[in-house]
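This is what each chain is made of:
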Protein chains: 4
Amino acid sequence: MSSTYGENLKLSIFGQSHGAAIGMTLDGIPAGLPVDEVKLQAFLSRRSPGGKAYTTTRKEADTPEFLAGVVNAYTCGAPIAAIIRNTNTRSGDYAALLDCPRPGHADYTAQVKYKGFQDVAGGGHFSGRLTAPLCIAGGLCKQWLEAMGIHIRAHISVLAGIADEPISPDYTSQTPICVLDDFPVLNKDAGIAMQQAIADAKADCDSVGGIIECIVTGLPAGWGDPMFGGMESRLAAMIYGIPAVKGLDFGVGFTSSYLRGSQNNDAFDIKDGKVVTKTNYAGGILGGITNGMPLVFTAAIKPTPTIFKTQQSISLSKMETCELNIHGRHDPCIVPRAVPVIEAAAAIAIFDAYLSNH
Amino acid sequence: MSSTYGENLKLSIFGQSHGAAIGMTLDGIPAGLPVDEVKLQAFLSRRSPGGKAYTTTRKEADTPEFLAGVVNAYTCGAPIAAIIRNTNTRSGDYAALLDCPRPGHADYTAQVKYKGFQDVAGGGHFSGRLTAPLCIAGGLCKQWLEAMGIHIRAHISVLAGIADEPISPDYTSQTPICVLDDFPVLNKDAGIAMQQAIADAKADCDSVGGIIECIVTGLPAGWGDPMFGGMESRLAAMIYGIPAVKGLDFGVGFTSSYLRGSQNNDAFDIKDGKVVTKTNYAGGILGGITNGMPLVFTAAIKPTPTIFKTQQSISLSKMETCELNIHGRHDPCIVPRAVPVIEAAAAIAIFDAYLSNH
Amino acid sequence: MSSTYGENLKLSIFGQSHGAAIGMTLDGIPAGLPVDEVKLQAFLSRRSPGGKAYTTTRKEADTPEFLAGVVNAYTCGAPIAAIIRNTNTRSGDYAALLDCPRPGHADYTAQVKYKGFQDVAGGGHFSGRLTAPLCIAGGLCKQWLEAMGIHIRAHISVLAGIADEPISPDYTSQTPICVLDDFPVLNKDAGIAMQQAIADAKADCDSVGGIIECIVTGLPAGWGDPMFGGMESRLAAMIYGIPAVKGLDFGVGFTSSYLRGSQNNDAFDIKDGKVVTKTNYAGGILGGITNGMPLVFTAAIKPTPTIFKTQQSISLSKMETCELNIHGRHDPCIVPRAVPVIEAAAAIAIFDAYLSNH
Amino acid sequence: MSSTYGENLKLSIFGQSHGAAIGMTLDGIPAGLPVDEVKLQAFLSRRSPGGKAYTTTRKEADTPEFLAGVVNAYTCGAPIAAIIRNTNTRSGDYAALLDCPRPGHADYTAQVKYKGFQDVAGGGHFSGRLTAPLCIAGGLCKQWLEAMGIHIRAHISVLAGIADEPISPDYTSQTPICVLDDFPVLNKDAGIAMQQAIADAKADCDSVGGIIECIVTGLPAGWGDPMFGGMESRLAAMIYGIPAVKGLDFGVGFTSSYLRGSQNNDAFDIKDGKVVTKTNYAGGILGGITNGMPLVFTAAIKPTPTIFKTQQSISLSKMETCELNIHGRHDPCIVPRAVPVIEAAAAIAIFDAYLSNH
């Protein structure tokens, strides 16, 4: 486990926020799959801070360098390896955190586990920056799934309590959800309100969280396995690997627990000669196995733990409380940038399930 | 994957609802751990239908037979194997479901995946009955964790919309949560209302779902790993293996997405010379690693899909819609019986994390 | 690892020699594969002692009971579980070995590892009896491979220094190699001499070992993976799991190290429109991947460590040397009975490689 | 599987001979282990061609760049990643091999498996060059084992039929075996004769193979697990991942099959208050578990398949035989350079077993 994932594919994510490079290896991928680096870069750019008002001021081109596994723009059957060099690092900002851990962050647990040997700079291996190599692997899997007609699209469902429109059960658009200049919402007014909420939080030296909804269309019935090999288990093991995810449900999820069986069961129907369900409360999964309807899930993202407000922490050396004031570069909200990360994570888990079934 | 789980322990669950036996093998367990079969039986009985008004009329003693791995009431280092014979089966009830799948159940997806070779009787390998061997494995892990001072307790947080009291952040009782004759709630009135809701649903030939909250006390800081080896990923991969779970969150979970960072961050503090947090919104996990506070999560259980109301389904042979009327023995609500299953699942995932860290 | 094997299939072997039962679970097998129990029993009988002069006097029918995963003689997609009850046990024979370990056996290492909690009766989990459930799993895989035209046949290549004929490079017979009443050799005179050598060893209260050669015909080119996923690694991880195997090589194996490249390289050729090699020094594997030629390997089996001759051992309680005299039932030679075990092991590893490639 | 190895550590090897870089990721390593890069470089240099008469003329510094997992010369608990840039490549040499595969090499099997998408340059992922990142991982594990008093030393046991002295059962030297200027033999005369045999093979446009013996001293009793988790299975799965290994045995290995039990059993004894065996025919392993005696194994290395002699091959496009003449840079013997690779492989497998037992 640890930073390795997968049943038939083997994904290994490595790197620390301020180390030489971050990267990934992806083994078990069939030979002959096309690798479109331009399309991949466009996908990675959706995750990049890009100088937007609501993001960190850290600037990184985040252009992957492929070291292995790709020859003439096709996978060659050997493990794929790609790295992104860290260039814009300021390690000096972090030394104090070894003694005085940030509330809500992994500083303290890393200290207990690694006994001071952890890389504290920029959050080290716990940094959100590690989602960049996840997006390399996921961006590739997404391309390969798209070639099979399987599309993965996510949007900000809720941010700071402001709700976007729900995804229509018939949503099949193949482009990223994005009505508002790189801000992944379906409803423009909701998006503007969300951006204002982020700006407000930033002005207050605070942060906000949100919920991301993801829909996967075009999945055939029959993928996934019983019990621990079910699509929910596969996706959950991957998605909870993304820092800041604290909740995940499938279909109507938590809401299903308030319904009666007669309400929650999706009646089977025939449409255009194919088996469908009239509703999709199950989110496209029955018994862990896809049923041919869109796979739908939502993930809760906690507010960025690193805030500039004064907080109570402790001095580990003195074992007494202290005040913590953090300086540096931190997003007041990571939800918009987490949207492609959720898509990437879903793509990896689903492509792995595909490999298990073929 | 599939019906196999674990990093350092290897759990394999087998069996079909109406086959010869259900069972489990559990490899990777150190030698010399005590096995208290009386205590295990008491734990398994919490999952048994036991003739209660709100459960199935199927009666099974569910007494495990240990075939291997236990000598003189201690683990011997070899893989543990235990089975439960299926005795009270009525396979005749299920043949029709091969053509006309139950909404909300795995009948259709099993048909697509296994092409008619699946064991349809009683839901086969997709039956909730498979949670009995999960409770054997989990009941053992629970005993071993308790010997380390780690206690896992769950209760019905919500059932049919009726809420129990929340678990107090200081909850450390070591006995099962159960004020009301085997009905795992903290508040007696809430429990009575829940039981009435189950009776009402049964009278309506319908079913209800609910939410289970689980708390793990006594966990030391430092267990778990970054990314996919995080406690959330480990627990989620296991808990989503339980049939009918459709949602899972940790700490305040989905609620955290509505909070600001300054509200959601748990301030560090010193108490009795130990590092604690003043609140526990994070549910005891930071960066995937335990922080020494109680680990708290909630799981959403959908209403039993098998209901006696007339439902719309389809005939797979005729590819046309049809009416489905189900007879047989089915719980109008599995939530009470799922409570020990959630505890068992948590115990397995946590004991595996323990083994990885020792 | 431990007693669990496999990449796409997951095999778990459990049981102790004198416990309630031995058995196996086999997960990841596609639905719809036929299970011929009569044929399986015939295969298992090749491993049974069967009252032959050269084997143990322990008598066990070794008839598997299938508990799960097989419905109407076909796999149903759920994990397969099968057990064999231990009936003819005499546990009283073994208590003394806890203090005075048998040379060449796992008594001492089990004591160090399990600190006295190991099941010492009959060798516990280290007993050769555990190869019976391996033969259940392997016997099934063998059936499924045979249905694809892939045949696995082994024979005693050398026993007590007496050599059988080598398998001809063109060997394609589909029946077990066995000219001499259940004694798996190609040359009758060699077989008679081997049986005499076993009888001589028995008369001397001693034991003998041997070498088993195995050939797999009908394998298509292209199975296996680079490096640790190569056919040699896959087969070796499985075959070294068989007690008493101390050597393994592929093709001409150790001999290849004495040859020049021009001698050892198998020249490519075209035969009947197919790519073949003129010789098969590589044993059908190049770069870890099958090349379409017969896969050939040999495994060295050490002489049974449990002998009736007086041996020097030690008393662990007194930490001083002592004389050890063993009574009971032990084969003076396990090589003939190991032949089907080697076939079973090869079948499991090859079927797993098949699943990885399909 | 594939190019990923390990139970508690997760090693992933990537790269192609003439790609941008080769490298490895190593996950699951505890924090706080020292990384001595100077010592590592010295170890890697033993594998480097280094302009010796008997090796390839390809020159590569083979200096690893650590990208992640190491901070201030200590492991930080995050996955370790290191790469070696490929600089001295001549890809033009290989295009013809896509149609006309080299006998004894993976050209043909890669073509069948990857359908022309494989990286053919320099043997791609099948190149012996991939043993360089294996030596990075193994060199680190070796350092960490040495700090526990566990030493791994290998030498050329046989080369082109010329035998070195056997390693004495009391061998405990902690420096590399190397009497003759970087040529790993115990006996100088044997080494000179071996070097002459390599020179002769080279003059004949041919190649030679050999056998490597490896001894691991200082291992405590009790490491390893039963069956597939045994030390033999763990080591074999790793060592057969090294290109050109075609045989492997433990202790007296194949020879044990010629002995009687009374000869092959190692009598237990007490020496300096510790349990030892009077002989070590078992090679330090009983029942898959270390017994405290030196772990000894031998691996057979086939002669380099790429030779400059004219060979018969086939044209895959024309499906007819053809003559193959190879030009380029190839070792007439890889055995001397394989010695540290065998040590590295052993170190990885043993360190993984250590992690499983701690």
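Placed above this text is the structure.
Note that the structure is a prediction, hence the values are computed from the model and not measured.

(A) Fine view of the relation of the copies chain B and chain C. With an RMSD of 0.0 Å, the operation that places chain B on chain C is a rotation of 180° combined with a shift of 0.0 Å along the axis. On the angle and the small slide along the axis, the relation comes out as a two-fold axis. Mapped onto chain C, 100% of the interface residues of chain B are again interface residues, and the two copies thus contact each other with one and the same surface.

(B) The arrangement of the interface of chain B and chain C in detail. On the side of chain C, 36 residues touch chain B, which itself brings 36 residues to the contact. With both chains or domains summed, chain B and chain C bury close to 2700 Å², and 62% of this area falls on carbon and sulfur atoms. On the chain B side of the contact with chain C, B:Phe14, B:Leu67 and B:Phe117 bury the most area, a combined 21% of that side's loss. The interface formed by chain B and chain C includes 2 salt bridges. Among the salt bridges present, the one from B:Glu65 reaches C:Arg85, with a minimum N-O distance of 2.7 Å. Connecting chain B to chain C are 10 residue pairs in polar contact (both at pLDDT 80 or more). Elements with a minimum of two residues in the side of chain B that touches chain C: β2 (10-14), β3 (21-27), β4 (65-68), β6 (74-75) and β7 (80-85) of chain B. Class assignment of the residues belonging to the side of chain B that touches chain C gives a composition of 18 nonpolar, 13 polar and 5 charged.

(C) Just the nonpolar core, in detail. If you look at the biggest cluster of nonpolar residues, it comprises 161 residues, and the most contacted ones within it are A:Leu11 and B:Leu11. If one sorts the elements of this core by residue count, helix α7 (residues 335-356) of chain A sits on top with 16 residues. What B:Leu11 contacts, discounting residues up to four positions off in sequence, is A:Phe228, B:Ser3, B:Thr4, B:Tyr5, B:Met24, B:Thr25, B:Leu26, B:Leu134, B:Ala137, B:Met238 and B:Ile348. Counting residues in each nonpolar core, the second largest holds 159 residues, with C:Ile150, D:Leu40, D:Leu140 and D:Leu355 among its members.

(D) Inspection of the interface of chain C and chain D at higher detail. Taken together, the contacts link 104 residues of chain C with 103 residues of chain D. Carbon and sulfur atoms make up 64% of the surface buried where chain C meets chain D, a total of about 8100 Å² over both sides. Counting every contact that joins chain C to chain D gives 6 salt bridges. For C:Arg260, the salt bridge identified is with D:Asp204, shortest N-O distance 2.5 Å.

(E) Expanded view of the packing of helix α1 (residues 37-47) of chain C against helix α3 (residues 131-146) of chain C. Residues and elements named next belong to chain C. Packing of α1 against α3 leaves a shortest axis separation of 9 Å and a crossing angle of 135°. Overall, the two elements α1 and α3 adopt an arrangement that is oblique. In this structure, the crossing between α1 and α3 has a hand that is right-handed. Contact residues: Lys-39, Leu-40, Phe-43, Leu-44, Arg-46 and Arg-47 in α1; Thr-131, Ala-132, Cys-135, Ile-136, Gly-139, Leu-140, Lys-142, Gln-143 and Glu-146 in α3.

(F) Structural context of helix α5 (residues 231-239) of chain D. Burial analysis of α5(D) places 9 of its 9 residues in the buried class, which makes it a mostly covered element. Within α5(D), the full set of buried residues consists of D:Met231, D:Glu232, D:Ser233, D:Arg234, D:Leu235, D:Ala236, D:Ala237, D:Met238 and D:Ile239.

(G) Quick look at the sheet that holds strand β10 (residues 210-217) of chain D. One open sheet accounts for 10 strands, arranged β9(C)-β8(C)-β10(C)-β16(C)-β11(C)-β11(D)-β16(D)-β10(D)-β8(D)-β9(D); its pairing is antiparallel. Since the sheet does not close on itself, it has two edges, and those belong to β9 (162-163) of chain C together with β9 (162-163) of chain D, each with one partner. Where strand β10 (residues 210-217) of chain C lies against strand β16 (residues 295-301) of chain C, 7 bridges are found, and the strand directions are antiparallel. Looking across to β16(C), one finds that C:Ile212 is bridged to C:Ala299.

Criteria and thresholds
Residues numbered from 1 in each chain as written. Chains lettered and ligands numbered in written order. Predicted model: local features only at pLDDT ≥ 70, side-chain atom pairs only at ≥ 80, totals over all residues. Heavy atoms only, no water. Least-squares fit on C-alpha atoms with pLDDT ≥ 70 in both. Contact = heavy atoms within 4.5 Å. Buried area = accessible area lost by both parts, 1.4 Å probe. Salt bridge = Lys/Arg side-chain N within 4 Å of Asp/Glu carboxyl O. Polar contact = N/O pair within 3.5 Å; in protein donor to acceptor, adjacent residues only side chain to side chain. Helix = DSSP H or I, 4+ residues; strand = E, 2+ residues; numbered from the N terminus. Nonpolar A, V, L, I, M, F, W, Y, C, P; charged D, E, K, R; others polar. Core = buried A, V, L, I, M, F, W, Y, C linked by side-chain atoms within 4.5 Å. Buried < 20%, exposed > 50% of the residue type's maximum accessible area, 1.4 Å probe, protein only. Axes fitted to C-alpha atoms, helices over the stretch in contact; angles between N-to-C directions. Parallel < 35°, antiparallel > 145°, perpendicular 65-115°, else oblique. Left-handed = near helix turned anticlockwise from the far one by under 90°. Pairing = 2+ DSSP bridges.

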